[in-house]
Amino acid sequence: MAELTLSGVCKTFGSLQVIRDVDLQIEDGEFVVFVGPSGCGKSTLLRCISGLVDITGGTLEIGGQRMNDVPAAKRGVAMVFQSYALYPHLRVRENMGFGLKVRKLSKPEIDRRVEEAARTLKLESLLDRFPRELSGGQRQRVAIGRAIVGNPEVFLFDEPLSNLDAELRVHMRAEIAALHKRLGNTMIYVTHDQIEAMTLADKIVVLRDGQVEQVGSPRDLYYRPANAFVAQFIGSPKMNLFEASGLPADILQTARPSAAAIRAGLRPEDMQVLGAGEGPVSGRVVNNEYTGAGSLLHLDLDGLGRCLALYNGGDSPEEGAEISVGFDTGRLYWFDAQEQNTEVA
Amino acid sequence: MTRFQSPFVRICWYLSLAILAVPFVFPFLWMLSGAVKSQTEIFSPSLSLLPQTWHWENYAEVFRYQPFARQYFNSLYIAVVVTAGSLFISSLAGYALARIRFAGSGLLLLMLISALMMPEEVTIIPNFFLMKWLGLMNTHMPLILLPMFGSQGVMATFLMRQYFTALPPELEEAARMDGLSRFGIFWKVALPLSRPALAAVGIITFLFSWNLFLEPLVFLSDIELFTLPLALSNFTDAYGLPLWHLQMAATSLAVVPILIVYIAAQRQIVESFALSGVKG
Ligand SMILES: Nc1ncnc2c1ncn2[C@@H]1O[C@H](COP(=O)(O)OP(=O)(O)O)[C@@H](O)[C@H]1O
Ligand SMILES: [Mg+2]
């Protein structure tokens, strides 16, 4: 069993506090994604779990055992690095068997495990190559293979796809999801890409400045963001925020936000773009980004300012066109002065 | 680089390289030719590289004139010991300076770098007294200890440190996850990846030791203990004037190990470049 419990975990580098008091419960077999903007401490938190970095406060338990002072190799975790970190002087076979050899497993046992992992990842024909003779996607698979052979309880991935091109990224994303289904291990995955987070995760942990902003399923975070930061970080393009005072009175009356709400959020996919004079708020199109299936419109609304709207269909309004917008009041989010969502406890 | 150029451009390249080679290659050929000429013919006005009469006995004379074989062996074993010792010390010290955080490591590095600026002529007098006090006069120890622990050793350590610093830290973290100790990481990951740096340090150290002149001159008095650079300057007639034909014959023998090192290292360097071409 490999559930993880982090309680009050802190990490400081000198005087710089990078991880602040993180409490987190991860169930056995769960696929958890740490997501957040660059520099928020995702990698550091992952390294705290792996043991590459010592935590400076709080406790970390894996499978019910305190792991604060257990060396990295003895925690039952394996890590896949962003740069793959394959040993350039060793062949694929030796790369994958390296950790087993260090742990003094017998040669036939190492061969058996390496070949089994190679079969799982379709690497059989590459076993005798050097890393420099592999493509990016193949190196990525070898890095995953190196993690698999040790039968770890927990897999840790640090932005494993960010060095791949867009097409391969989508492909490898699906492979990692399939691997999780097949192996059923606990996996913790770091990314700054919220699409990767949404598609892979059972549970997303949103981090900002070393603190947990919200933990929940992708749907939770999309429909019930705890605050404006999460609301804007999850979903693409990001949510529009308006000053509540700028909204037409009848919308405020229908929606009946709590008294504390000072800002309203509406996702670009929920904006209804109408002809001039048809909707309650008028404005104009500043820019029209045609994407094929539809268009991303940059709008300038009277009294509300700049915002984004997704327009489905081919006949989108031209740049400079006068338009108006309608608001589906059921889709509005309300945030108070502390940026908290007034409708989520 | 030249692979995609037109034949004309390539011919121009080779031509200019050939012309540039003349000032480098000619003195070498002149040495080989002087080694089989008589003393008088070397000074004859004809600059022919081919001697009128071949004096192969010059080579035999080199060994008769002084214990040249013994001196050759001295140079060889000292250079090997110095090279092996320097590689051992500089790789360990360089790794420590690059990767291990310890109190005063920055200051230590600064001191080492400032030692690089000190020419050996400046330290030869204190080193002389030090070696005398240690009772190492007229032995090979100063020729081994001074290059290993002097500015040459510092240079080697600094080179290794720079190379280790540039290795991707994620590789060593992967090795930690795989269960290697600090020394295991050094030995099984960092060192095998440093072959280009080890080759470079090995070559410059070997050449430095091989060419060392001041230290043998200062510390050795026994002709049996001489190393080649000192021995070469010792082929003189009764009036102290150089016997050029013997010097050239002896020098052509003295460059053989250097040529071997270069040829062997060339392969190593190309191989190492291919190795370091991998980006993790
Ligand atoms: N070894 C370290 N020493 C000092 N500061 C560090 C170290 N590692 C990370 N940091 C700092 O911690 C912060 C978070 O880094 P990181 O966890 O890599 O962010 P992320 O992976 O979310 O982009 C950054 O400000 C970074 O500069
Ligand atoms: Mg990171």
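This is a predicted model, so every value here is computed, not measured. (Residues numbered from 1 in each chain as written. Chains lettered and ligands numbered in written order. Predicted model: local features only at pLDDT ≥ 70, side-chain atom pairs only at ≥ 80, totals over all residues. Heavy atoms only, no water.)

**Focus on the overall build of chain A**
And step 1. On a plain count of helices and strands, chain A comes out with nine helices and 18 strands.
And step 2. Referenced to the eigenvectors of the C-alpha coordinate spread, the extents of chain A come out at roughly 80 × 45 × 35 Å.
And step 3. Taken over 345 residues, chain A has a buried fraction of 52%.
And step 4. Of the contacts formed within chain A by residues at least 6 apart in sequence, a portion of 65% connects residues at least 24 apart.
And step 5. A total of about 15,400 Å² of accessible surface is found on chain A, and carbon and sulfur atoms cover 46% of it.
And step 6. Looking at chain A, you have 37 positive and 45 negative side-chain charges, and the mean spots of the two groups are 10 Å apart. (Helix = DSSP H or I, 4+ residues; strand = E, 2+ residues; numbered from the N terminus. Buried < 20%, exposed > 50% of the residue type's maximum accessible area, 1.4 Å probe, protein only. Contact = heavy atoms within 4.5 Å. Areas by Shrake-Rupley, 256 points an atom, 1.4 Å probe, with all protein chains shown as cover. Lys, Arg positive; Asp, Glu negative; His and termini not counted. Charge placed at Lys NZ, Arg CZ, Asp CG, Glu CD.)

**Regarding the site of ligand 1**
Residues and elements named next belong to chain A.
And step 1. Residues in close proximity to ligand 1 include F13, V18, S38, G39, C40, G41, K42, S43 and T44, which together make up its full environment.
And step 2. Separating an oxygen atom of ligand 1 from a backbone N or O atom of K42 is a distance of 2.9 Å.
And step 3. At three residues, the largest contribution of residues to the shell around ligand 1 is made by helix α1 (residues 42–50).
And step 4. Residues that form the shell around ligand 1 fall into these classes: three nonpolar, five polar and one charged. (Near = heavy atom within 4 Å. Polar contact = N/O pair within 3.5 Å; in protein donor to acceptor, adjacent residues only side chain to side chain. Nonpolar A, V, L, I, M, F, W, Y, C, P; charged D, E, K, R; others polar.)

**Thoughts on the packing of helix α8 (residues 151–166) of chain B against helix α11 (residues 195–211) of chain B**
All names here are of chain B.
And step 1. Viewed as axis vectors pointing N to C, α8 and α11 meet at an angle of 170 degrees, and their least axial separation amounts to 10 Å. It follows that α8 is roughly antiparallel to α11 by the angle criterion. In this structure, α8 uses Q152, M155, A156, L159, M160 and Y163 to contact α11, whose residues at the interface are P196, A197, L198, V201, I204, T205 and F208.
And step 2. Among the residues making up the contact of α8 with α11, the classes are represented as 11 nonpolar, two polar and no charged. (Axes fitted to C-alpha atoms, helices over the stretch in contact; angles between N-to-C directions. Parallel < 35°, antiparallel > 145°, perpendicular 65-115°, else oblique.)

**Side note on the interface of chain A and chain B**
And step 1. Opposite the 25 residues of chain A that make contact, chain B presents 19 residues.
And step 2. For the chain A and chain B pair, buried surface summed over both sides reaches about 2,000 Å², with 65% attributable to carbon and sulfur atoms.
And step 3. If you sort the residues of chain A by the area they bury against chain B, L52, P88 and H89 of chain A come out on top, with a joint share of 26%.
And step 4. Counting every contact that joins chain A to chain B gives one salt bridge. (Buried area = accessible area lost by both parts, 1.4 Å probe. Salt bridge = Lys/Arg side-chain N within 4 Å of Asp/Glu carboxyl O.)

**Side note on the confidence of the model for chain B**
Residue and element names in this part refer to chain B.
And step 1. When pLDDT is averaged across chain B, the result is 89; 94% of the residues are at 70 or more.
And step 2. Highest mean pLDDT in chain B belongs to helix α4 (residues 68–99) (96); lowest belongs to helix α15 (residues 256–276) (70).
And step 3. In the model, residues 275–280 has pLDDT below 50 throughout and makes 13 contacts with residues more than four positions away in sequence or in other chains.
And step 4. On the interface metric, ipTM, the complex scores 0.86, and its pTM is 0.84. (pLDDT = per-residue confidence, 0-100.)

**A few points about the pattern of salt bridges**
A pair can form between side chains of opposite charge whenever their charged atoms are brought close.
Residue and element names in this part refer to chain A.
And step 1. Using the criterion set out here, one finds 17 salt bridges over all chains in the structure.
And step 2. The closest approach of N and O atoms between R93 and E115, which form a salt bridge, is 3.1 Å. Of this pair, R93 sits in helix α2 (residues 92–102) while E115 sits in helix α3 (residues 107–120); the two residues are 22 residues apart in sequence, bridging distant segments of the chain.
And step 3. For R93, a relative accessible area of 26% corresponds to the partly exposed category.
And step 4. The residue D270 makes a salt bridge to R331 at a minimum N-O spacing of 2.7 Å. Remark: R331 occurs in the loop between β17 (322–327) and β18 (333–335) and D270 occurs in the loop between β12 (263–266) and β13 (271–275); sequence separation between them is 61 residues.
And step 5. A residue is classified by how much of its surface remains accessible, and R331, at 42% relative accessible area, is partly exposed.
And step 6. Look at the salt bridges and you will find they share partners, linking E109, R112, R113 and E116 into a network.

**A closer look at the packing of aromatic side chains**
And step 1. All told, the structure shown has 24 aromatic pairs over all chains when counted by the stated rule.
And step 2. With a centroid separation of 5.8 Å and 40 degrees between ring planes, the pair formed by F31 of chain A and Y189 of chain A is classed as tilted. Of this pair, F31 of chain A sits in strand β3 (residues 31–35) while Y189 of chain A is found in strand β8 (residues 186–191), placing the two residues 158 residues apart along the sequence.
And step 3. Considering the side-chain rings of F68 of chain B and Y72 of chain B, the 6.0 Å spacing of their centres and the 70 degrees angle between planes classify their relative orientation as edge-to-face. Highlighted residues: F68 of chain B and Y72 of chain B, both in helix α4, separated by four residues, approximately one helical turn.
And step 4. Look at F68 of chain B and you get buried, because its relative accessible area is 0%. (Phe/Tyr/Trp six-rings, centres within 6.5 Å; stacked < 30°, edge-to-face > 60°.)

**Regarding the sheet that holds β12 of chain A**
All names here are of chain A.
And step 1. Reading across from one edge, β11-β12-β18 is the order of the three strands in this open sheet, with antiparallel pairing throughout. Here the strands that pair on one side only, and so sit at the sheet edges, are β11 (240–243) and β18. Averaged over all neighbouring strand pairs, the angle between strand axes comes to 30 degrees, with direction disregarded.
And step 2. Of the pairings in the sheet, the one linking β11 to β12 comprises four bridges and is antiparallel in character. When the bridges of β12 are listed, L241 appears paired with G265. (Pairing = 2+ DSSP bridges.)

**Examining the UniProt feature "domain: ABC transporter" (unreviewed entry) in chain A**
And step 1. With numbering matched to this structure, UniProt assigns "domain: ABC transporter" (unreviewed entry) to residues 4–234 of chain A.
And step 2. In residues 4–234 of chain A, helix accounts for 36% and strand for 26%; the two terminal C-alpha atoms are 25 Å from one another. (UniProt positions renumbered as here; feature names shortened; annotations may be inferred.)

**Some remarks on the sheet that holds strand β10 (residues 211–216) of chain A**
All names here are of chain A.
And step 1. Within the open sheet, the six strands sit side by side as β6-β7-β8-β3-β9-β10. Their pairing is mixed. Each end of this open sheet is capped by a strand with a single partner; those strands are β6 (77–80) and β10. Direction aside, the axes of adjacent strands within the sheet are offset by 20 degrees on average.
And step 2. In the sheet, β6 pairs with strand β7 (residues 154–158) via four bridges, with the strands oriented parallel. Looking at the pairing, M79 lines up with L156 of β7.

**Structural notes on α1 of chain A**
Residue and element names in this part refer to chain A.
And step 1. Counted residue by residue, α1 has eight buried out of nine residues, so it is predominantly covered.
And step 2. Buried within α1 are the following residues: K42, T44, L45, L46, R47, C48, I49 and S50.
And step 3. Immediately downstream of α1, the backbone of G51 shows phi near 95 degrees, a positive value.

**Re the packing of α4 of chain B against α11 of chain B**
All names here are of chain B.
And step 1. Two elements in contact, α4 and α11, have axes whose closest approach is 8 Å; the angle formed by their N-to-C orientations is 145 degrees. The interaxial crossing formed by α4 with α11 has right-handed handedness. In contact with Y72, S75, L76, I78, A79, V80, V82, T83, S86, L87, S90 and S91 of α4, α11 contributes L198, V201, G202, T205, F206, S209 and W210. (Left-handed = near helix turned anticlockwise from the far one by under 90°.)

**Considering the environment of F26 of chain B**
And step 1. Looking at the secondary structure, you find F26 of chain B in helix α1 (residues 7–34).
And step 2. Overall, the relative accessible area of 38% leaves F26 of chain B in the partly exposed class.

**Here we look at helix α10 (residues 182–193) of chain B**
And step 1. End to end, α10 of chain B covers 16 Å across 12 residues, agreeing with the expected 16 Å (1.5 Å per residue, within 8%).
And step 2. Of all the positions in α10 of chain B, only G184, I185, F186, V189, A190, L191 and L193 of chain B are classed as buried.
And step 3. Buried residues along α10 of chain B sit in contact with α2 of chain A together with α4, α8, α9 (169–177) and α11 of chain B. (Expected span 1.5 Å × (residues − 1).)

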